[in-house]
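Analysis of the macromolecular model
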Amino acid sequence: MTSTKKDPVIVVLQLTGGNDYFNTVIPYNDPLYYDNRPYVKYEQEDIIKIDDTYGFMPQMGPIKGLYDQGKVAVINGVGYKDSPRSHFRSMDIWHTCEPDKVGTEGWAGRVARELDPNKENVLTAINFGHGLPRALAVPGVPVAAIADLSTYGLLTGISSQDQRAKALDLFSRMYSPTVGGSFVTDYLRSTGTDAMVGADIVKVAPEQYSSTVEYPNSPIAMHLRDIAQVYFADLGTRIFYTQHASFDTHAGEMAGHPMLWNDVSQGIAAFFEDLEAHDAGDNVIMYLFSEFGRRVHDNGSGTDHGAAGVSFVIGNQVKGGQYGEYPSAKSEDLEQGDLVPNYDFRSDYAMLVEDWFGLDSKPIVNGGFEKLPILK
Amino acid sequence: MSHKEDLALMAHLMRRAGFGASREDLERFVAQGYEATVEELVNPTEDQPGGDMATMLRYHPSFLLPGGTPFSGQANWMYQMVSTKRPLEEKIALFWHHVFATGNSKVDNCDQLLVQIQMFRDYGLGSYKDLLIELSKNPAMIFWLDNNENHRDAVNENWGRELLELFSLGVSNYTEVDVREASRAFTGWTIAPKPPRQPYGRFSWKFDYREEDHDDSEKSFLGEVGNFGGEDIIDIVCNQPATARFICRHLYNFFVADEVQVPAWTIEPARDEEALEQMMDIFIESNYDMKAVVKFMFNSDFFKNARYSKIKSPAEVVAGTLKMVGEFQFPEPGILNIGKEPTYMGQSILDPPSVEGWQTGSEWINSGSLLARVNFVADRVANTELPGVKKILDRMKADGVTTPHQLIDAAAEHMGFLELSDETRDQLVANVQSDGDLNWADESAAGQRVGETMALIGATTEYQFG
């Protein structure tokens, strides 16, 4: 790559808990929507129409703004065969691309390994949130996990600056390589050094950051702002991963679902506004997915676990519009009362891995999958 | 042995057989003697209650039946690890959870996983054979390994295979025919019909034996022929030396010293073959009595000499630290989060990544998990408001701990008689030396220095071992 073209970067936003697809991209003229949703529905006049058939749920106004600029691809009917309808198993399948057995390597972690095979940058992939999602977990691949960028680091509980500096200095000496250590101790030392180096590098990000964009005060917006800060600091991070929860709306969906999408939509809008304000949007795309959609018929208060869902790709390099086919909601076409997926989620990954990162997708997503021409 | 050496050995025993012990408790144990303490761990008395569930449920009723949400189920168990007076009962439950790894990712029912953990408490130190029978009837396990889909006319081999491969014999000690035959013997071992979850919520699952779905015809299993049922298969499995070896190697790996990962056991020799064979002899002679093997193991020289030869699991880091600082002896606010802490370090209890359980030893360490471990420990031991930390400070003050050398040695002692390398110790001493001696006249400043010193000791490579 030449210096004039920046490396491609992805932000993965996981909608954890099973987002209600039928209530997100809504077939607003279809009587089956209203028949199946006596309680858990949006009113026709509140739905934000994107064409004569489909509309976004009412809180997605900011995403509709990006959609109108041609920056949002809506991918219909995403999922995989025989959904187990278990959150954790389903999320595992999405993370490891292994629907038939338990996988050990995450797809995004594999991408990180390909992008930085010699582990030159301990910040190639970062999760924003506690712990590591399985999508990023691959043995031997360093991945940072940042719950809150402003307090991220080693021994952050030590309040005095001087004491902490002394402590970090001591830590770096205690973890520096030695001659004649055991394998385990050597491994501990190099890992400790990686962790400290990563934390040390990333701390410049909030210091350097300035922006006119005001992010709303929600957990997802805070994570997206942290991501923007690290991205603007140009630390070589290629994969940013974060999530918002919980879309598991079994009950009280009409109270919860609008709030969830309000936070997500506002956060995303602020993030892209920030990218534009820094003239830095051309090499970033965002990918949104959820582990499954929800049951077509509501349960009186919410909806139960379903199958087919929707994914979104957002960014300047995206050819906006609707892709794929919305699964039929006719009762004879449903499986166990659910919309049937007609588009494999690994096709999404294959598109991201090949068309965005320029890598061979087969070893990453475990097989060959047809891609949609979503990217410019 | 000097008194200090006795205390250090006792700290080792309590770390392995439980989640550590306070200085006061260590002194009491040393006074009563090592073997008597092993006896007390193995046979706790009536006045050693487990975690106080009644109080926990009064404050956190959702912890009893957490449903599909792992967090409250994890908090439930973590509270019991921290507050129990019968530590080996929790530790052996954690051991069996590593071996018979059953995960919420598929079971989607922490109520049933907690039932399984309780079964491990109740049977985990009894006869291994009884434990396997209980495991075969455990609803979470049946669902996890699809034995409810194992029918007379349509055999599902998942449970039959894992019983042999991961729960008893280990790979290469049986054939595919044995898997098939074992699976047939367990047809009809299922869970009673579960009422649908909506609209009344979850119902508890129950074991159900359906004779009409059981294949009662002849089977040929590991060289024996008969109209075997599930119990017969377990009998035959227990008679194999391979089973004794497999289970004892697991015990050694969990309680004594880190072994290579389980899949390598068929190719890599045991870390201590002699110790393993001694354990196997006891296991077989005692008719698979876990108590006998565990007691022998804790009293053995190979155990006593294996200090700091294991990387602590995340559950051990969290429970051990909380015990040391005296938090969550009562279900105080914030308890929901303690169940998540091991997850941040790579061990989601009640939700192992697969039936193969966790990779242990150095596999616990990556840059994210190491940061999480170091920060978790540091934030607690440096908090001088916590009751356990206060006790440590009082003790140090009473003992007249003053000089940098004394401070480092005392802090390492209070953190489990941690053995620091000379190099680490020198670096730590040099670090505190620049601020001179401790001045107990200013108690809060002295406390802060001690807390920060303990935080640094918690950050050492040495502290990652247990």
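Residues numbered from 1 in each chain as written. Chains lettered and ligands numbered in written order. Predicted model: local features only at pLDDT ≥ 70, side-chain atom pairs only at ≥ 80, totals over all residues.

Some thoughts on the overall build of chain B
Helix and strand counts for chain B come out as 25 helices and 4 strands. For chain B, the spread of C-alpha atoms along the three principal axes comes to 80 × 55 × 45 Å. Relative to its full complement of 466 residues, chain B shows a buried share of 52%. When contacts within chain B are restricted to residue pairs at least 6 apart in sequence, long-range pairs at least 24 apart make up 74% of them. (Helix = DSSP H or I, 4+ residues; strand = E, 2+ residues; numbered from the N terminus. Buried ≥ 20, exposed ≤ 12 C-beta atoms within 10 Å, placed from the backbone. Contact = placed C-beta atoms within 7 Å.)

Some remarks on the overall build of chain A
Counting secondary structure elements, chain A contains 11 helices and 12 strands. In terms of overall dimensions, chain A is globule-like: its C-alpha atoms have a radius of gyration of 22 Å, near the 21 Å expected for 376 residues. Dimensions of chain A, computed from C-alpha atoms along their principal axes, come out at roughly 70 × 45 × 45 Å. Look at the contacts in chain A between residues 6 or more apart in sequence, and 71% of them connect residues 24 or more apart. (Rg over C-alpha atoms; globule rule 2.2 N^0.38 Å.)

Re helix 5 (residues 70–83) of chain B
The terminal C-alpha atoms of helix 5 of chain B lie 20 Å apart, and with 14 residues this matches the ideal 20 Å at 1.5 Å per residue to within 8%. By the criterion of burial, helix 5 of chain B is predominantly enclosed, with 13 of the 14 residues buried. (Expected span 1.5 Å × (residues − 1).)

A short note on the domain arrangement of chain B
For chain B, the assigned domains read domain 1 (26–307) and domain 2 (381–464). One C-alpha centre belongs to domain 1 of chain B, the other to domain 2 of chain B; they are set 40 Å apart. (Domains from an automatic or database assignment.)

Some points on the sheet that holds strand 3 (residues 48–49) of chain A
In sheet architecture, strand pairing relies on hydrogen bonds along the backbone and comes in two forms, parallel and antiparallel. All names here are of chain A. Taken in spatial order, the 3 strands make up an open sheet running 2-4-3, and their pairing is antiparallel. Strands at the two margins of the open sheet, each flanked by one partner only, are strand 2 (25–27) and strand 3. Direction of pairing for strand 3 relative to strand 4 (residues 54–56): antiparallel, over a ladder of 2 bridges. By the bridge assignment for strand 4, Ile48 is matched with Phe56. (Pairing = 2+ DSSP bridges.)

Digging into the packing of helix 9 (residues 128–136) of chain B against helix 13 (residues 230–238) of chain B
Any two packed helices are characterised by the angle at which their axes cross and by the distance between the axes. All names here are of chain B. Look at helix 9 against helix 13: their axes get within 10 Å of each other, and the N-to-C directions meet at 145°. Classified by chirality, the crossing of helix 13 by helix 9 is right-handed. Together, Tyr128, Lys129, Leu132, Ile133 and Ser136 of helix 9 and Gly230, Glu231, Ile234 and Cys238 of helix 13 make up the contact between the two elements. Looking at the contact of helix 9 with helix 13, its residues break down into 5 nonpolar, 2 polar and 2 charged. (Axes fitted to C-alpha atoms, helices over the stretch in contact; angles between N-to-C directions. Left-handed = near helix turned anticlockwise from the far one by under 90°. Nonpolar A, V, L, I, M, F, W, Y, C, P; charged D, E, K, R; others polar.)

Topic: the confidence of the model for chain B
Chain-level pLDDT for chain B is 94 on average; 100% of the residues reach the 70-or-more range. For this predicted complex, the interface confidence reaches an ipTM of 0.87, while the overall pTM sits at 0.82. (pLDDT = per-residue confidence, 0-100.)

Quick notes on unusual backbone geometry
Going from A:Ala245 to A:Ser246, the amide bond is cis rather than trans, its omega being -5°. Phi is positive for A:Asp234, which is not a glycine, with a value near 60°. Relative to the helices and strands, A:Asp234 is located in the loop between helix 8 (219–232) and strand 8 (239–244). Residue A:Asp234 is classed as exposed on the basis of its 12 C-beta neighbours within 10 Å. For B:Phe328, which is not glycine, the phi torsion reads 60° and is therefore positive. Residue position: B:Phe328 is located in the loop between helix 18 (314–325) and helix 19 (335–338).

A closer look at the packing of helix 21 (residues 367–381) of chain B against helix 25 (residues 443–458) of chain B
Residues and elements named next belong to chain B. Their axes nearest at 8 Å, the elements helix 21 and helix 25 cross at an angle of 160°. It follows from the interaxial angle that helix 21 and helix 25 lie roughly antiparallel. Of the two possible hands of crossing, helix 21 and helix 25 adopt the one that is right-handed. Across from Val374, Val377, Ala378 and Val381 in helix 21, the residues of helix 25 making contact are Gly451, Met454, Ala455 and Gly458. Each residue belonging to the contact of helix 21 with helix 25 can be placed in one class, and the counts come to 6 nonpolar, 2 polar and no charged. (Parallel < 35°, antiparallel > 145°, perpendicular 65-115°, else oblique.)

Quick word on the environment of A:Pro139
Residue and element names in this part refer to chain A. By the secondary structure assignment, Pro139 is in the loop between strand 6 (125–128) and strand 7 (144–146). Here Pro139 falls in the exposed class, since 11 other C-beta atoms lie within 10 Å of it. Sequence spacing of Pro139 and Ser90 is 49 residues, and the spatial spacing of their C-alpha atoms is 21 Å.

Some details on the interface of chain B and chain A
In this assembly, 33 residues from chain B lie in contact with 39 residues from chain A. Among the secondary structure elements, those contributing two or more residues to the side of chain B that touches chain A are helix 7 (104–107), helix 20 (341–344), helix 21, helix 24 (422–433) and helix 25 of chain B. Broken down by element, the side of chain B that touches chain A gets its largest block of residues, 8 residues, from helix 21 of chain B. Class assignment of the residues belonging to the side of chain B that touches chain A gives a composition of 12 nonpolar, 16 polar and 5 charged.

Some remarks on the pairing of strand 9 (residues 284–290) of chain A
Residues and elements named next belong to chain A. Across the 7 residues of strand 9, 7 count as buried, placing the element largely inside the fold. Burial along strand 9 is two-sided: the residues Val284, Met286, Leu288 and Ser290 and Ile285, Tyr287 and Phe289 are all buried. In this structure, strand 9 lies alongside strand 10 (residues 309–314), joined through 3 bridges in antiparallel fashion. Residue pairing in the sheet places Tyr287 in a bridge with Val313 of strand 10.

So, the nonpolar core
With 252 residues, the main nonpolar core has A:Ala108 and B:Met279 as its most contacted residues. In terms of residues, this core owes the most to one element, helix 9 (residues 253–277) of chain A, which gives 9 residues. Two domains each donate at least three residues to this core, and these are domain 1 (26–307) and domain 2 (381–464) of chain B. Not counting chain neighbours up to four residues away, the residues in contact with B:Met279 comprise B:Cys248, B:Leu251, B:Tyr252, B:Val293, B:Phe296 and B:Met297. (Core = buried A, V, L, I, M, F, W, Y, C linked by C-beta atoms within 7 Å.)

A look at helix 9 of chain B
Residues and elements named next belong to chain B. Considered for burial, the residues of helix 9 that qualify are Tyr128, Leu131, Leu132, Leu135 and Ser136. Buried residues in helix 9, looked at end-on, bunch into an arc of 135°, giving them a common side. Looking at the buried positions of helix 9, the neighbouring elements they touch are helix 8 (110–123), helix 10 (139–144), strand 1 (189–191), helix 13, helix 14 (241–256) and helix 16 (290–299). (Arc of directions from axis to C-beta.)

Observations concerning the environment of B:Val429
Residues and elements named next belong to chain B. Looking at where Val429 falls in the secondary structure, it is placed in helix 24. Under the C-beta neighbour-count criterion, Val429 is labelled partly exposed, with 17 such atoms within 10 Å. Remark: the alpha-carbon pair of Val429 and Gln406, spanning 23 residues in sequence, is separated by 9.1 Å. Leave out the neighbours within four places in its chain, and Val429 touches Pro404, His405 and Ile408.

Describing the pairing of strand 10 of chain A
Residue and element names in this part refer to chain A. Of all 6 residues in strand 10, 6 are buried, a share of seventy percent or more. Neither face of strand 10 is exposed, since Gly309, Ser311 and Val313 on one face and Val310, Phe312 and Ile314 on the opposite face are all buried. Where strand 5 (residues 72–79) meets strand 10, 5 bridges bridge the pair, whose relative direction is antiparallel. Residue pairing in the sheet places Val74 in a bridge with Phe312 of strand 10.

Description of the environment of A:Ile126
Residues and elements named next belong to chain A. Its location among the elements puts Ile126 in strand 6. Residues Ile126 and Asn23, spaced 103 residues apart in sequence, show a C-alpha to C-alpha distance of 31 Å. Ile126 has contacts with Val143, Ala144, Ile146, Val230, Thr237 and Phe240, leaving out every residue within four places of it along the chain.

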